[in-house]
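Summary of the model geometry
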Number of protein chains: 2
Amino acid sequence: MGIWFSISNFNSLKRLLIGRPMRTAELHAQHNKLLWYIALPILSADLYSSVAYGPEAGITELAKFGNEAKWYIIPITISTIVLLAILILSYIMGVLAYPNGGGAYAIAKDNFKQRWISLIASSSLLVDYILTVAVSVSAAVQAVASAYPTVTPYETVLAVLCVFLLLVVNLRGVAESAKILAWPTFGFMACMLLLVFTGFFNETKHGFVQPSTPSFETIPKGMTLLLILKAFSSACSALTGIETISNAVPVFREPRQKNAIKTYVALGTITAVTLLGFAYHLYVRGISPDPNNTMLSQLTGYYFGHNIIYQLIIWFTFIVLILAANSTFTGFSQLAAIVAADGFLPRGLTNRGDRLGYSNGIIVLAGIASLLIIAFRAQTNALIPLYAIGVFLSFTVAQFGLIKRWKRVKGSNWKIKFIINTVGGIITSVVAVIFGVTKFTGGAWVVLIVIPLIIFFSLAIHRHYQDIADELKIDLQLLKPEANRVITIVLVSGLHRVVHNTLSFAMGVSQADLIAVYVGFDDESIRKMEQKWEEWGNPCRLVTLKSKYRSVLEPLSRLIHLIEEKDLNAPIQVIIPQFIPKKWWHNLLHNQTALLLRLWLMRHKDVVITTVPYHLKK
Amino acid sequence: MGIWFSISNFNSLKRLLIGRPMRTAELHAQHNKLLWYIALPILSADLYSSVAYGPEAGITELAKFGNEAKWYIIPITISTIVLLAILILSYIMGVLAYPNGGGAYAIAKDNFKQRWISLIASSSLLVDYILTVAVSVSAAVQAVASAYPTVTPYETVLAVLCVFLLLVVNLRGVAESAKILAWPTFGFMACMLLLVFTGFFNETKHGFVQPSTPSFETIPKGMTLLLILKAFSSACSALTGIETISNAVPVFREPRQKNAIKTYVALGTITAVTLLGFAYHLYVRGISPDPNNTMLSQLTGYYFGHNIIYQLIIWFTFIVLILAANSTFTGFSQLAAIVAADGFLPRGLTNRGDRLGYSNGIIVLAGIASLLIIAFRAQTNALIPLYAIGVFLSFTVAQFGLIKRWKRVKGSNWKIKFIINTVGGIITSVVAVIFGVTKFTGGAWVVLIVIPLIIFFSLAIHRHYQDIADELKIDLQLLKPEANRVITIVLVSGLHRVVHNTLSFAMGVSQADLIAVYVGFDDESIRKMEQKWEEWGNPCRLVTLKSKYRSVLEPLSRLIHLIEEKDLNAPIQVIIPQFIPKKWWHNLLHNQTALLLRLWLMRHKDVVITTVPYHLKK
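All of these numbers come straight from a predicted model, not from anything done at the bench.

Residue and element names in this part refer to chain B. The end-to-end C-alpha separation of helix α19 (residues 497–509) is 19 Å, in line with the 18 Å expected for 13 residues at 1.5 Å each. Counted residue by residue, α19 has eleven buried out of 13 residues, so it is predominantly covered. Along α19, the residues classified as buried are Val498, Val499, His500, Thr502, Leu503, Ser504, Phe505, Ala506, Met507, Gly508 and Val509.

See below:
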């Protein structure tokens, strides 16, 4: 009954939230090519937004060893920027190789015959996309909570609400390339650069070593290389999202490869300046981690007080982090659809919804991300250890794919490209190992179990689809459909309009082998039925069965078994009359025998089931 | 998919909890007639168990005005006993009139033409049965929590667990007349009488006025008649369950009426002695309400300490209160089945389950009682204000029914019987009004809204069944089934084994008007399909439709509409192939198009739906 209700009312709610359905033809109408400096902010929300939590994650790790350990953030940030440069250079190679856009999965599929290698890329990216949503939304909510401490207790609820809004927006379908999305990221970039330069101005006035600056080059007790690497791997969470531009080469104006590369260089420069400046000021000001006040909020508060600029920075941070999560919805659902189309994920992920987005992927992402947010109570620092490993795994796979490609395809300057990707591949694989080791106990083990599991299930799914395709394949010349002899059973519960309707239908489709079946619970009712049937002029053969257990299933099951034994080849059709009441709640007043019978027969017997509806007028 | 899982696993769990299904013939095998002194404890659990909370409920009301108000419990208890005597006398009249057992509903149905009067009796009894379960189980758990304060925080959980156990036991089916159920009530009676006589012995030794005894006949400030009546109505919660014996006359040994009357007198005497003695000792000892220690536990602890007798009384109280709830399950489900058989409640309530009990009624009772327990956190005192009104309403209806009967039927001594029931009827109606007024703000208003609502819905349900019966009725001589011309649509999604199987079936049931329908999402796939169909030798007419919205529903719907317009009288049959995977979770890997299509067609179109299963081998 619940089902009726939801079906009848779900549709109007869906229309309200999602909007009118769109035609498939509208799919190709939405692309208008972008100038590179408009594409820059649109495609950089994911990468650039992570400056808001990357350095903070690094310092949080270091601060566990006291203030003296904080200076390590400077060399760590420099290493991060070097890594960023190498990655961007490697990805520019990707742009050159795949001008139609190629994610790690596409590159791996193109260059490795072994399916599991491309599945490493896809699974680890899918896992990281989920984590990106959880981390970005949590960081966004934490940014607002820093400015308005009253919302701190509701962080989890607010974060889940944000994911729900993102779900609705993505089911409605926002074109990833909508130009309006450029402005918040522009604004956020401007604010961050303003913050960085205000910091330098402050330092030229008050000195590069201020009273609050922790000591430099002291080595605190208990500090080991492993712990420094751990802080480094946390800080590297700022590097996720680099792949976006290389996936999106087709949205650039011609010459698109050149424009994409220009964008990569510009984005890399701005990110490097921001990261280094931000981390440096955090160090100079000796900012300490505070779970209820992000470091960005602390630093901004220090330079500007809680004035309009502080508000602007907080709200731009919020919007950009939400945009980062938003772009991930497109990335996740598209990747899942591509992998599903190859038969490695449930085929339902390839279905386009009413608004042309891959709705199932979008819903799956929102669901899992919400669960993660609830499990980790929207705390970014708890989620960071799980993060970025997947991205670096897929980076590594992509690099080695490109290495193979250069060796195979060659082309102009292929040796330089080969060397760049070899260096990149070695470094990203080293970084991936560092991540795995240093974050292992902090939660990375979960990811390192989940990714192989996804690969395992992907292969199992592929095998299942393959098996079924083999099973269903027929030779059109040899196997042609021929009319079967069908044995038809009509269930009658008495003699009334519904039975009249059903029997008239049954006589229309089956003349020779038609049996009406009546199940009675006592001899009296059976006798009466037989007598009335006689009175009705014996429309067809009537079989009466007695049920000892007040259930239609058991005697019907026996009858089917008997027919099957007699005539092995003829399919059996069971015709069930079904009331359709006028109002859904009227279903409560009628025994759902037809429904239960259908479910039971479907599960237990190899019979064709026909439901003849009778729409009640009252 | 969840449905598959639950269906496949639910059955074995059900067998474990409920036991093997029983034959209808076993229904009449279980009755063996009872001696009156065995019937006494079996049928009295509901009434007698309420002495455990009746006086306590009264004193709790009085204690709000301080110790000086407590003496009112003596006149209140005496009034309660007078009321008990009148009720028993009235019910003996019922036994004389209906030797086959007659509840208030049966009496009202027999004597009033107006249906709503008997519905007052049934609805108010049903509501009170639900409250009985909630109150008895809560009181039982509170009794144990008094002895073992550690369980106090878990009262709600434990009470819900008890209801669940009662649900399972009743679905298994415990014969209400099982002799084993006699012993706990015997034990409880013995314990209560022991307590009462220990009390008197104590008072002969230490004086009938002890240092702890509150003053007598003082009138505390603010005490009004209304407040005394409120305490009286709370104390009267001890009187529920009187109707049980009159409903169960047939289980007595012959002469059954005489034996039933004997039982009524004996039970009345024992209850009166216990009530008065218990209430008196509570007064003498000046016991005060304590939410974590019932008064019965306090008094027992005072006389015996926490020794074996205390333990016996606590555990007998627990068991008897649970038995009271248990007998209510039978009462509720039987009454609901009788009312449903008359067409005033959903017909599903008349279905006997595997173990011959009315399973649906049992489940409904357990569900609502659990919700009440959770809402009121298993606190008896919070539930008492809702309680007993229903019972007194149904008492009143029964009395007036009997009055009408004596006037109509007459018979020996009819005038005495008439006078008894008239006095009884007046008093119970006055009491019902007192209950309604005094408990109104405490929660009784809910009951006074719910009962009319149930009556309203009962009448609506009856009208619905009547309408449908009229709609479905046919004249067997005039309307005979005739073979319809059926237009058959087969959905084909490609050319493979499933389609071959489905088409062979379709050709078997429909030769002339068979149309294969293919829905494509682009021109290319439609062209290919038409070509392959040609190759297959055109097994039947093929119609190809293009879907602009990536959905089969919309083009199929248009086609059905076209056919309907062309040929109004021919029923349309849609044949849908359906995969049945080997493992339930494989359903996740296949689009549930067949299922969704069926639901949608069922809801929106007047077509016959045939599902041809194809059981996958892998």
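We are not done yet, so read on.
It is worth spelling out the interface of chain A and chain B at this point. It is common to give the size of an interface as the accessible area that goes away when the parts come together. At the interface, 83 residues of chain A touch 83 residues of chain B. Together chain A and chain B conceal approximately 7800 Å² of surface at their shared face, both sides included; 60% is due to carbon and sulfur atoms. Per-residue buried area on chain A facing chain B is highest for Glu471, Pro481 and Arg550 of chain A; these three make up 10% of the total on that side. Where chain A meets chain B, there are two salt bridges. Between Glu471 of chain B and Lys617 of chain A there is a salt bridge, and its shortest N-O distance comes to 3.9 Å. At the junction of chain A and chain B, the tally comes to 23 residue pairs in polar contact (both at pLDDT 80 or more). For the side of chain A that touches chain B, the secondary structure elements donating two or more residues are α1 (2–18), α18 (440–472), α19 (497–509), α20 (523–535), β4 (572–580), α22 (593–604) and β5 (608–615) of chain A. Class assignment for the residues of the side of chain A that touches chain B results in 40 nonpolar, 22 polar and 21 charged. As paired strands, β5 of chain A and strand β5 (residues 608–615) of chain B are joined by three bridges and run antiparallel to one another. Pairing of Ile609 of chain A across the sheet is with Thr611 of chain B, part of β5 of chain B.

To continue, consider the relation of the copies chain A and chain B. Overlaying chain A with chain B gives an RMSD of 0.2 Å, the required rotation being 179 degrees about an axis along which the chain moves by 0.1 Å. Put plainly, the chains are arranged around a two-fold axis. Proximity to the rotation axis, assessed at the C-alpha, singles out Thr610 of chain A in chain A; its C-alpha lies 2.0 Å from the axis. The residues that chain A uses at the interface reappear at the interface of chain B in 100% of cases, marking a shared surface.

What the rule picks out here adds up to 16 salt bridges over all chains. The partner of Arg256 of chain A in a salt bridge is Glu254 of chain A, and the shortest N-O contact between them spans 3.8 Å. Between Lys109 of chain B and Asp342 of chain B there is a salt bridge, with the nearest N and O atoms lying 2.8 Å from each other. You can see Lys109 of chain B sitting in helix α5 (residues 104–111) and its partner Asp342 of chain B sitting in the loop between α13 (308–341) and α14 (359–375), a full 233 residues away along the chain. On the accessibility criterion, Asp342 of chain B (26% relative accessible area) is partly exposed.

With that settled, the discussion passes to the pairing of β5 of chain B. Side-chain direction in a regular strand flips from residue to residue, so the side chains alternate between the two faces of the sheet. All names here are of chain B. Among the eight residues in β5, seven count as buried, and that is most of the element. Where strand β4 (residues 572–580) and β5 come together, eight bridges link them in parallel fashion. Residue pairing in the sheet places Ile580 in a bridge with His615 of β5.

Residues and elements named next belong to chain B. Tracing the chain through its elements places Ala432 in helix α17 (residues 414–438). Ala432 sits 36 residues away from Thr396 along the chain, and the two C-alpha atoms are 8.1 Å apart. Leaving out residues up to four positions away in the same chain, Ala432 has contacts with Phe392, Leu393 and Thr396.

Another aspect to go through is unusual backbone geometry. All names here are of chain A. Across the junction of Glu254 and Pro255, the peptide omega takes the value -5 degrees, indicating a cis bond. Within the element layout of this structure, Pro255 appears in the loop between α10 (243–247) and α11 (256–284). A positive phi angle, close to 60 degrees, is found at Ala378, a residue other than glycine. Exposure remark for Ala378: the relative accessible area of 0% places this residue in the buried category.

The next subject is the packing of aromatic side chains. Enumeration according to the criterion identifies 38 aromatic pairs over all chains in this entry. Ring centres of Tyr91 of chain B and Phe395 of chain B lie 5.5 Å apart, and the angle between their planes is 70 degrees; this geometry places the pair in the edge-to-face category. In this pair, Tyr91 of chain B sits in helix α4 (residues 73–97) while Phe395 of chain B sits in helix α16 (residues 389–409), placing the two residues 304 residues apart along the sequence. Considered together, Tyr91 of chain B and Phe395 of chain B belong to a single accessibility category, that of buried residues. Within the aromatic cluster, the residues linked to one another by ring pairs are Trp71, Tyr72, Phe216 and Tyr283 of chain A. Positioned above the aromatic ring of Tyr302 of chain A, the side-chain terminus of Arg285 of chain A is 3.3 Å from the ring centre. Geometry around Tyr98 of chain A places Arg405 of chain A over its ring, the cationic atom sitting 5.0 Å from the centre.

On to the side chain of Asn170 of chain B. Residues and elements named next belong to chain B. Among the structural elements, Asn170 can be located in helix α7 (residues 155–172). What makes Asn170 buried here is its relative accessible area of 6%. Apart from residues lying up to four places away in sequence, Asn170 is in contact with Asn326, Phe329, Thr330 and Ile362.

What counts, and where the lines are drawn
- Residues numbered from 1 in each chain as written.
- Chains lettered and ligands numbered in written order.
- Predicted model: local features only at pLDDT ≥ 70, side-chain atom pairs only at ≥ 80, totals over all residues.
- Heavy atoms only, no water.
- Helix = DSSP H or I, 4+ residues; strand = E, 2+ residues; numbered from the N terminus.
- Expected span 1.5 Å × (residues − 1).
- Buried < 20%, exposed > 50% of the residue type's maximum accessible area, 1.4 Å probe, protein only.
- Contact = heavy atoms within 4.5 Å.
- Buried area = accessible area lost by both parts, 1.4 Å probe.
- Salt bridge = Lys/Arg side-chain N within 4 Å of Asp/Glu carboxyl O.
- Polar contact = N/O pair within 3.5 Å; in protein donor to acceptor, adjacent residues only side chain to side chain.
- Nonpolar A, V, L, I, M, F, W, Y, C, P; charged D, E, K, R; others polar.
- Pairing = 2+ DSSP bridges.
- Least-squares fit on C-alpha atoms with pLDDT ≥ 70 in both.
- Phe/Tyr/Trp six-rings, centres within 6.5 Å; stacked < 30°, edge-to-face > 60°.
- Lys NZ or Arg CZ within 6 Å of the ring centre and 35° of its normal.

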